[in-house]
Amino acid sequence: MNREDLAANIENMTIGLDDTFKFHCTQCGLCCINREDIILSPMDIYKMSKELGLTPTKFFAKYCETYIGDTSRMPIIRLQPVGDEMRCPLLKNHKCSVHKVKPSVCALYPLGRYIAIEKGDYSEEGVGKSEVKYLLQPIDCGDDSQTHTVREWLADFDIKLEDEAFIRWHQTIAKVSTTIKELEKKWDMITMMQIWFVTRVFLYERYDTEDPFMPQFEENAGIVINMLDDIPRLKELFEDAGRP
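In this text, all values refer to a predicted model and were calculated from it rather than measured experimentally.

**A look at the sheet that holds strand 7 (residues 111-116)**
On the basis of which strands lie adjacent, the open sheet formed by 3 strands has the order 1-8-7 and antiparallel pairing. Here the strands that pair on one side only, and so sit at the sheet edges, are strand 1 (14-15) and strand 7. With 2 bridges connecting them, strand 1 and strand 8 (residues 131-136) associate as antiparallel partners. Paired with Ile15 across the bridge in strand 8 is Tyr134. Packing against the sheet, helix 7 (residues 164-184) makes contact with strand 7 and strand 8, and its axis sits at approximately 55 degrees to strand 7.

Okay, here's the thing in structure tokens:
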């Protein structure tokens, strides 16, 4: 389902925490092919890098690609599909090689989650006050031999109802996206490419997987937000981000 169809049907697809749905994963691998939409958060990259014994930068170089979001104008990171069948690069012998820490969009499937913005307030404060809701996606694989509630499904995959990382990430997106859109009106493409590069490195890659994620994320998000408010510092950060 594309974004336009999702947006048009999101209310009908929304499901409550104690509502039930039928789904049983048969490990057929069908949900891991023909995929160009496995979008990653910084937390996803951090967890998978740690699982595979890679730095986030090396994980990104090996498995990911980036593009600038049409709406957000931010760097978006996704798993880079492989081969004619566009399979997930982490699919090995028809099984997920990072099953325990797979991306949240994969762990949630066939559910999805979104933030219901109140009164169209897409500010950082507005996102923080908004409710996280869940939806049931169209199911094209597995079978319906098991019944789950949303609450049980989240618990099975250790996804917290009060997910601090999810909320803080979307607050950061709201802040950074708004600022970048304004900067695009003022700056040339070379400067914007530097801005996007630094934003990507500091938000997605600048983590030590031996240390807790959230304090590092807060530091990195702060650096990016301050950088966007102080473009003359861009050259210094650009050079710092490019160091190994």
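**Re helix 8 (residues 189-205)**
With 17 residues, helix 8 ought to run about 24 Å at 1.5 Å a step, and its terminal C-alpha atoms sit 23 Å apart, in line with that. For helix 8, the buried fraction is high: 12 of the 17 residues fall into the buried class. Buried within helix 8 are the following residues: Thr191, Met192, Ile195, Trp196, Val198, Thr199, Arg200, Val201, Phe202, Leu203, Tyr204 and Glu205. The opening residue of helix 8, the one whose side-chain oxygen lies 3.0 Å from the backbone nitrogen of Ile190, is Asp188.

Cut-offs used in this document
- Residues numbered from 1 in each chain as written.
- Predicted model: local features only at pLDDT ≥ 70, side-chain atom pairs only at ≥ 80, totals over all residues.
- Heavy atoms only, no water.
- Pairing = 2+ DSSP bridges.
- Helix = DSSP H or I, 4+ residues; strand = E, 2+ residues; numbered from the N terminus.
- Contact = heavy atoms within 4.5 Å.
- Axes fitted to C-alpha atoms, helices over the stretch in contact; angles between N-to-C directions.
- Expected span 1.5 Å × (residues − 1).
- Buried < 20%, exposed > 50% of the residue type's maximum accessible area, 1.4 Å probe, protein only.
- Polar contact = N/O pair within 3.5 Å; in protein donor to acceptor, adjacent residues only side chain to side chain.

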